[in-house]
Amino acid sequence: MGFLSRLLGVSEEIKKTLEKTYIPQLMDVMEISLPQAQVTFLKLLEQAKQESTDLKTSKFPENYGRVLLAKESKDLHVQSMLASRRREGVTDEDIIWWWNLHDLERRLMLKVDEQRRTTQYLRFRQAGLSKGEAGEQVRRFF
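Description of the structure in this document.

Parameters at a glance
- Residues numbered from 1 in each chain as written.
- Predicted model: local features only at pLDDT ≥ 70, side-chain atom pairs only at ≥ 80, totals over all residues.
- Heavy atoms only, no water.
- Salt bridge = Lys/Arg side-chain N within 4 Å of Asp/Glu carboxyl O.
- Helix = DSSP H or I, 4+ residues; strand = E, 2+ residues; numbered from the N terminus.
- Buried < 20%, exposed > 50% of the residue type's maximum accessible area, 1.4 Å probe, protein only.
- 1 Å grid on protein atoms, 1.4 Å probe; cavity = no way out; pocket = protein on both sides within 12 Å on 5 of 7 lines; lining within 4 Å.
- Points joined across faces, edges and corners; volume = space filled by probe spheres on them.
- Nonpolar A, V, L, I, M, F, W, Y, C, P; charged D, E, K, R; others polar.
- Phe/Tyr/Trp six-rings, centres within 6.5 Å; stacked < 30°, edge-to-face > 60°.
- Polar contact = N/O pair within 3.5 Å; in protein donor to acceptor, adjacent residues only side chain to side chain.
- Contact = heavy atoms within 4.5 Å.
- Axes fitted to C-alpha atoms, helices over the stretch in contact; angles between N-to-C directions.
- Parallel < 35°, antiparallel > 145°, perpendicular 65-115°, else oblique.

**Side note on the pattern of salt bridges**
At step 1: The tally for this structure, following the rule as stated, stands at 12 salt bridges.
At step 2: In this structure, Asp 103 engages Arg 106 in a salt bridge whose closest nitrogen and oxygen atoms are separated by 2.7 Å. With Asp 103 and Arg 106 both in helix H7 (residues 103–126) and 3 residues apart, this pair spans about one turn of that helix.
At step 3: Residue Asp 103 is classed as buried on the basis of its relative accessible area of 7%.
At step 4: In this structure Arg 106 comes out as buried when scored by relative accessible area, which is 4%.

**As for the layout of surface pockets**
At step 1: Reported here for the largest pocket is a volume of approximately 180 Å³.
At step 2: Residue lining of the largest pocket: Ile 14, Ser 58, Phe 60, Pro 61, Glu 62, Trp 99, Asn 100, Leu 101, His 102, Asp 103 and Arg 106, and that is the complete set.
At step 3: Here the residues of the lining of the largest pocket are counted per class, giving 5 nonpolar, 3 polar and 3 charged.

**Some thoughts on the packing of aromatic side chains**
At step 1: Considering all chains together, one arrives at 5 aromatic pairs under this definition.
At step 2: Ring centres 6.3 Å apart and planes at 55 degrees place the aromatic pair Phe 60 and Trp 99 in the tilted group. Taken as a pair, Phe 60 in the loop between helix H3 (34–54) and helix H4 (64–71) and Trp 99 in helix H6 (residues 92–99) lie far apart in primary sequence, 39 residues in all.
At step 3: A ring pair is formed by Tyr 64 and Trp 99, whose centres lie 5.7 Å apart and whose planes are at 70 degrees; its orientation type is edge-to-face. Of this pair, Tyr 64 sits in helix H4 while Trp 99 is found in helix H6, placing the two residues 35 residues apart along the sequence. Each member of the pair, Tyr 64 as well as Trp 99, carries the same accessibility label: buried.
At step 4: Linked through ring pairs, Phe 60, Tyr 64 and Trp 99 together constitute an aromatic cluster.

**As for the side chain of Thr 119**
At step 1: Looking at where Thr 119 falls in the secondary structure, it is placed in helix H7.
At step 2: Overall, the relative accessible area of 13% leaves Thr 119 in the buried class.
At step 3: Only 2.8 Å separates the side chain of Thr 119 from the backbone oxygen of Gln 115, close enough to count as a polar contact.
At step 4: What Thr 119 contacts, discounting residues up to four positions off in sequence, is Val 29 and Met 30.

**Looking at the packing of H6 against H7**
At step 1: At a minimum axis distance of 9 Å, the contact between H6 and H7 shows a crossing angle of 100 degrees. Accordingly, the angle class assigned to the pair H6 and H7 is roughly perpendicular. Of H7, the residues touching H6 (which contributes Trp 97, Trp 98 and Trp 99) are Arg 106, Met 109 and Leu 110.
At step 2: Considered class by class, the residues forming the contact of H6 with H7 number 5 nonpolar, no polar and 1 charged.

Given below as structure tokens:
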């Protein structure tokens, strides 16, 4: 097990898979160099790992989407959570896709999305838009 794996409790295989996906995205979205993207990725991964540990989601099984759907008819909490998502248009296939992802991938996906929004907001502000206008443009854009 490598240093990062010991430090974060992340397997090298998962880390490498996430690096291949998210470092290029960070470079593109933030218009930063490879070394900067690597540092940003490690910070986001560390945050994701901490959240996963704090919220006790790190032990979710790989097929957690299917587990949720199977529990839906028996567990009122799961039933309520899924009903709320379905009102937003989420389908069973969406539930399976999202919740079957590795917990760190779900969290990194959200963090990279947050980086995209923040970067876009800052670009709008640099272009002279007010805080309100920049926020509105980001909401429209995303």
